[in-house]
Amino acid sequence: MARKSKSFSRRVVPDSKYSSSLVARFINNLMWDGKKTVAQRVFYKALETIEKAAKEDGYAVFQRAINNVKPVLEVRPRRVGGATYQIPMEVSSQRREALAIKWLIRSARARGEYVMEEKLAKEFIDASKNQGNAIKKKEDTHRMAEANRAFAHYRW
């Protein structure tokens, strides 16, 4: 942790289709080996697949999925004396989005479908209905924070 100066976050340029910085951040996290156009194609095709399958706006389903996956609490390790305690803490809004994006991408990649567009579309649909692996990860994080609530007084 830096002691001298405050860290700053870079502003992400919004994507061209939806003018959303959230979509741009999602695409940047989805990207592998600097292949941004491939990541954009995968994301936009996933939204098209959602529109065909769910007969609903793909962008709205994506936003609902992100909002459903955002965690409120997480545990952070803290050393007190000789022991390390898992302390429940609130998650900042920037980190909430980052965790939701990471969890959605990780759970989509772990799915059984063959094409990434289908994996991503199905994960978005599941997350928008409060189902799927990304939602399970959020619930596990909340359960861990709830279980360690007794150590909340060690918060700094």
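Anything mentioned here points back to the structure above.
Figured I'd write up the structure that's included with this text. Model, not experiment: these values are computed from the prediction.

Parameters and conventions
Residues numbered from 1 in each chain as written. Predicted model: local features only at pLDDT ≥ 70, side-chain atom pairs only at ≥ 80, totals over all residues. Heavy atoms only, no water. Pairing = 2+ DSSP bridges. Helix = DSSP H or I, 4+ residues; strand = E, 2+ residues; numbered from the N terminus. Salt bridge = Lys/Arg side-chain N within 4 Å of Asp/Glu carboxyl O. Buried < 20%, exposed > 50% of the residue type's maximum accessible area, 1.4 Å probe, protein only. Axes fitted to C-alpha atoms, helices over the stretch in contact; angles between N-to-C directions. Parallel < 35°, antiparallel > 145°, perpendicular 65-115°, else oblique. Contact = heavy atoms within 4.5 Å. Nonpolar A, V, L, I, M, F, W, Y, C, P; charged D, E, K, R; others polar.

1. Side note on the pairing of strand β2 (residues 83-90)
Here comes step 1: Here 8 bridges tie strand β1 (residues 73-80) to β2, and the two strands are oriented antiparallel to one another. Bridged to Arg76 within β2 is Ile87.
Here comes step 2: With antiparallel pairing between neighbouring strands as the criterion, β1 and β2 make up a hairpin whose turn holds 2 residues, including Gly81 at a positive phi of roughly 65 degrees.

2. Some thoughts on the pattern of salt bridges
Here comes step 1: Scanning the model with the defined rule gives 11 salt bridges in all.
Here comes step 2: Residue Arg111 is joined to Asp126 by a salt bridge in which the shortest nitrogen-to-oxygen separation is 3.0 Å. Residue Arg111 is located in the loop between α4 (93-109) and α5 (116-128), and its partner Asp126 is located in helix α5; the two are separated by 15 residues in the primary sequence.
Here comes step 3: Residue Asp126 is classed as buried on the basis of its relative accessible area of 18%.
Here comes step 4: One salt-bridge network, in which partners are shared between bridges, spans Arg111, Glu113, Lys122, Glu123 and Asp126.

3. Topic: the packing of helix α1 (residues 21-30) against helix α3 (residues 58-69)
Here comes step 1: Interhelical geometry of α1 versus α3 gives an angle of 75 degrees and a closest axis separation of 12 Å. In terms of axis orientation, α1 runs roughly perpendicular to α3. Within the contact between the two elements, α1 uses Leu22, Val23 and Phe26 and α3 uses Tyr59, Phe62 and Ile66.
Here comes step 2: Residue composition of the contact of α1 with α3, by class: 6 nonpolar, no polar and no charged.

4. Some words on the side chain of Glu123
Here comes step 1: In this fold, Glu123 is placed in helix α5.
Here comes step 2: Excluding its chain neighbours within four sequence positions, the residues that come into contact with Glu123 are Leu104, Ser107, Ala108, Arg111, Gly132, Asn133 and Ala134.

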